[in-house]
Every structure is written in structure tokens, then in C-alpha cells.
Amino acid sequence: NEEFIVIALVCLSISVWLFLKLKNERKQKEKLSKDFTRLMADNALLEAEQLKFQLQPHTLNNILADLKLIASKLNTGMDSLSETLEYILYRGKGHFVSVKDEIDFINKYIALKDIFSSEIDSIKINTIQIDKNSPHYSNPCIPHLITAYFIENAFKHGDANHKEFLTITVALTGNVFEISVINKIKKTNVIGNGGLGLSNMKKRLDLLVSNQYEMKNERNEEEYHAVLRIQIK
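This text gives an overview of the structure that appears in the document.

**Quick notes on the side chain of K184**
Reasoning step 1: Take K184: it is sitting in strand β5 (residues 176–184).
Reasoning step 2: Here the side chain of K184 touches E223 through a polar contact of 3.0 Å, side chain to side chain.
Reasoning step 3: Those residues within four positions of K184 in sequence are excluded, and the remaining contacts are G158, D159, H162, E164, F165, E222 and E223.

**Considerations on unusual backbone geometry**
Reasoning step 1: Despite not being glycine, L145 has its phi angle at roughly 65°, a positive value.
Reasoning step 2: Turning to its location among the elements, L145 is positioned in the loop between β3 (142–143) and α4 (148–157).
Reasoning step 3: Backbone geometry at N211 places phi at a positive 65°, although glycine is not the residue there.
Reasoning step 4: Take N211: it is sitting in the loop between α5 (196–208) and β6 (213–219).
Reasoning step 5: Relative accessible area serves as the criterion here: at 78%, N211 is assigned to the exposed category.

**Observations regarding the pattern of salt bridges**
Reasoning step 1: Overall, the coordinates contain four salt bridges when judged by the stated rule.
Reasoning step 2: For D104, the salt bridge identified is with K100, shortest N-O distance 3.1 Å. With D104 and K100 both in helix α2 (residues 99–113) and four residues apart, the pair spans about one turn of that helix.
Reasoning step 3: Since its relative accessible area comes to 27%, D104 is described here as partly exposed.
Reasoning step 4: With a relative accessible area of 35%, K100 lands in the partly exposed category.
Reasoning step 5: Here E223 makes a salt bridge to K184, at a shortest N to O gap of 3.0 Å. Remark: K184 occurs in strand β5 and E223 occurs in strand β7 (residues 223–231); sequence separation between them is 39 residues.
Reasoning step 6: In this structure K184 comes out as buried when scored by relative accessible area, which is 12%.
Reasoning step 7: One network of salt bridges, in which partners are shared, links E178, E214 and R229.

**Here's the deal with the packing of aromatic side chains**
Reasoning step 1: With the rule as written, the count across this model stands at four aromatic pairs.
Reasoning step 2: A ring pair is formed by Y149 and F150, whose centres lie 5.5 Å apart and whose planes are at 75°; its orientation type is edge-to-face. For the pair Y149 and F150, one class covers both residues: buried.
Reasoning step 3: Centroid distance F155 to F165: 5.3 Å. Interplanar angle 70°. Geometry classified as edge-to-face. Linking F155 in helix α4 with F165 in the loop between α4 and β4 (166–173), this pair joins segments that are 10 residues apart in sequence. There is no split in this pair, since F155 and F165 are both buried.

**Overview of the sheet that holds β5**
Strand pairing in a sheet relies on backbone hydrogen bonds, with the paired strands running either antiparallel or parallel.
Reasoning step 1: Taken in spatial order, the five strands make up an open sheet running β2-β4-β5-β7-β6, and their pairing is mixed. Both outer strands of the open sheet, β2 (123–130) and β6, are each paired with one neighbouring strand and no more. Taken pair by pair, the neighbouring strands of this sheet meet at an average axis angle of 10°, ignoring direction.
Reasoning step 2: Examined bridge by bridge, β4 and β5 share eight bridges and lie antiparallel to one another. For T173, the partnering residue across the bridge sits in β5 and is V176.

**So, the pairing of β6**
Reasoning step 1: Where β6 meets β7, seven bridges bridge the pair, whose relative direction is antiparallel. What sits directly across from E218, in β7, is H225.
Reasoning step 2: Hairpin geometry of β6 and β7 is characterised by an intervening segment of three residues between the two adjacent antiparallel strands.

**Brief notes about the nonpolar core**
Reasoning step 1: With 38 residues, the main nonpolar core has V99, I168, F177 and I179 as its most contacted residues.
Reasoning step 2: The contacts of I168, once residues within four sequence positions are left out, are I106, I110, K124, I125, N126, I151, I179, S180 and V181.

**Remarks on the environment of L205**
Reasoning step 1: Here L205 shows up in helix α5.
Reasoning step 2: Along the backbone, L205 and I146 are 59 residues apart, and their C-alpha atoms lie at a distance of 8.5 Å.
Reasoning step 3: The residues contacting L205, other than those within four sequence positions of it, are P143, I146, S210, Y213, L228 and I230.

Calculation notes
- Residues numbered from 1 in each chain as written.
- Predicted model: local features only at pLDDT ≥ 70, side-chain atom pairs only at ≥ 80, totals over all residues.
- Heavy atoms only, no water.
- Helix = DSSP H or I, 4+ residues; strand = E, 2+ residues; numbered from the N terminus.
- Polar contact = N/O pair within 3.5 Å; in protein donor to acceptor, adjacent residues only side chain to side chain.
- Contact = heavy atoms within 4.5 Å.
- Buried < 20%, exposed > 50% of the residue type's maximum accessible area, 1.4 Å probe, protein only.
- Salt bridge = Lys/Arg side-chain N within 4 Å of Asp/Glu carboxyl O.
- Phe/Tyr/Trp six-rings, centres within 6.5 Å; stacked < 30°, edge-to-face > 60°.
- Pairing = 2+ DSSP bridges.
- Axes fitted to C-alpha atoms, helices over the stretch in contact; angles between N-to-C directions.
- Core = buried A, V, L, I, M, F, W, Y, C linked by side-chain atoms within 4.5 Å.

Structural data, given as C-alpha cells:
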């Protein structure tokens, strides 16, 4: 009996020791697990802060690049606006300008549009058919701002988002000046016979180059084409 009691006490002691040992190991594992979870969370936070730190300069650089582009466009636009206003207000006092003057106006006007349009590459200006040796190239011979109506009409009624939105062709051969404007049109847009702008332009042409000009226009489902041809005397 005494041996049985001793064995029982030993077994009980071992059981208690194992129980306490397992319990202690479980607590240690739980603690290690919590510490590991907290460490992972802290590490994730540190990584997030690091990414944030890296992102902020990158974002600022992008903003600065955009601001530089806008500032550059505004600077160019202000110069173009100043030169265009000077041309509109003062150059036409004699009613006639040279072909070179009118081409310069077209380029400055398009440069102004560059501020507001991201599709400026969709505008083509073709001047290859201009005879720069002609006396009409540098001497007053065509009505001041005669090209403005056609170009403004294209921007007003055309599809500026089209990749081939506008083609302007200016020609000077012999005694003939010609401007051709082709613009893509919006599917839902309806172009009539012209408004006040067209009426005023015809009156100016009748007063300044009566019986010396021919004007025509045509359209289909995709584009509008206007042509003005002036016989220079």
C-alpha cells in the first residue's frame, strides 16, 4: 500500500509538473504570437510611412511639372495674345495686309488655342504652296483678318477632339491667294448657311475686292470644307 501511495504521488507530481510546463509553454507561445503580430503591424506601419515619405516628393515633382507646363503655356499664350491683339487693332488700319502678315496671324491664333486644347497636334497648317518670292507675299494685298472667319468657324462648329480636326492650307501662286479650311464636324452638329460673321465678311469682301473673289463651301457627314480665292490686282 505504501508503495502504491508513493507511485501515485510521483505520478500526480509528474502530471502537475507537465500541466504547469505545458501551460507555461502555451503562455509563452501566446506571448510570442502577440509580439510577432505587433511586430508585423509595426513593420507594416513603418513601411507605409516610408512609402508615404517616398510618395510625397514624387507627387510634388509631378505637380511641379504640371505647373511648369501650365506656366509655359500661359507665358506663350500671353505673348501670342499680345501680338494678336496688336495685329487686330493696329495692323489693319489700311484695310490690307500682306500674305505673310496673315499667315503670322494664323500661327499666333493657333498658339492661343494651345492653352485650352490638349489636341493641338490635330491641327495642320500647310504653307508649302506659297511663293515667297512673289511681291504679294510681303506687300499689302489682301483684306485684313480675312482668314479669321474660317478658322474661328472651324473651332466653333468642328470636332476639336478628332485626331485630324483641322487642316488649313494657304497658297499664293501668281496673282491668286487662296485659303482652304477643312475641319471634322461633330455628328450631332448642324452647320447652316452662316450667321452674322459670314454676312459681315462678305460685305468686307464686296467693299474691298469686289468681283475679285470666289468663295465656296461644302460638307459631308464627316467634314466641312470652306475655300476663299482672291484674284490680286
